[in-house]
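Per-entry structural report
If you want the building blocks of each chain, they are given just below.
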Amino acid sequence: MQRKTYYALAVVVFLGVLVVLWTSAVRSQASASATQTDGQGGITIKATYATAAYFKAAPNDPLAGKVDLDHNIAFAIALDTHSGDLSNYDFVKNTVLRNDRGQQVAPIRWMATTDGSHHRAGGLIFPKADQAGRAVAPQAKTLELVVRNLGAAERVLRWALPVEGGRSIRATTGPS
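Residues numbered from 1 in each chain as written. Predicted model: local features only at pLDDT ≥ 70, side-chain atom pairs only at ≥ 80, totals over all residues. Heavy atoms only, no water.

**Regarding the environment of G151**
Filter applied, for reference: Going along the chain from the N terminus, every DSSP run of H or I of four or more residues is numbered as a helix, and every run of E of two or more is numbered as a strand.
Within the fold, G151 resides in the loop between β8 (142-148) and β9 (154-160). Once the C-alpha coordinates of G151 and T81 are considered, the two residues, 70 residues apart in sequence, prove to be 9.8 Å apart.

Written out as structure tokens, the structure reads:
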């Protein structure tokens, strides 16, 4: 009888440890999923879907309080390279935001927060509606930030929608 109790207790403890580890892994994955990274061509781009929850969690972000999220979609962008010069890269000319419904919009503004030749950071701001006035994100399942001519012909950073709590529930990167 004691042996059965011992085994039952061991199974319960083992299952408890598995649940704790699984929950921790899920939380870690969720918290990282609002940020996508691509490192092609010797240049790393890190893009964070900057929602109201993101700014609430990061009130010291240089973009906090400077982006009208009622009318815009924002991404906090960081570029890094160890060779070459990033200072001439034109975000407005070389990026688009598209969704799985075939809509795409060009950015309306780049808001630089760091503007060095090897490290640049700032906010890339897109309108919430396309030129026909149709909302870009509400019925979409994914948003893709397409970055062209930055160490690679094209990079695609993808977020699954909805992005909640500053975190995307599911997110992937790669070519579309």
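After that view, the rundown keeps rolling.
**A look at the nonpolar core**
The cut-off we apply is this: What makes a nonpolar core is a set of buried Ala, Val, Leu, Ile, Met, Phe, Trp, Tyr and Cys residues whose side-chain atoms join them at distances within 4.5 Å. Exposure categories follow from relative accessible area, calculated using a 1.4 Å probe and restricted to protein chains: below 20% of the type maximum is buried, above 50% is exposed, and the middle band is partly exposed. The contact criterion used throughout is that any non-hydrogen atoms of two residues lie within 4.5 Å.
Core analysis: the biggest nonpolar cluster contains 27 residues, and Y49, I73, F75, I77, F126, L145 and L150 have the highest contact counts within it. Listing elements by their share of this core, those giving two or more residues are β2 (43-49), β3 (72-81), β7 (119-127), β8 and β9. Those residues in contact with L145 that lie beyond four places of it in its chain are A47, F75, I77, V96, L97, L124, F126, R155, V156, L157 and W159. Y54, F55, A76 and I125 belong to the second-largest nonpolar core, a separate cluster that totals 9 residues.

**Remarks on the environment of A106**
The topology assignment puts A106 in the loop between β5 (104-105) and β6 (109-115). Overall, A106 belongs to the partly exposed group, its relative accessible area being 43%. Sequence separation of A106 and P127 is 21 residues, and the distance between their C-alpha atoms is 8.0 Å. Beyond its immediate sequence surroundings of up to four residues, A106 is in contact with T95, F126 and P127.

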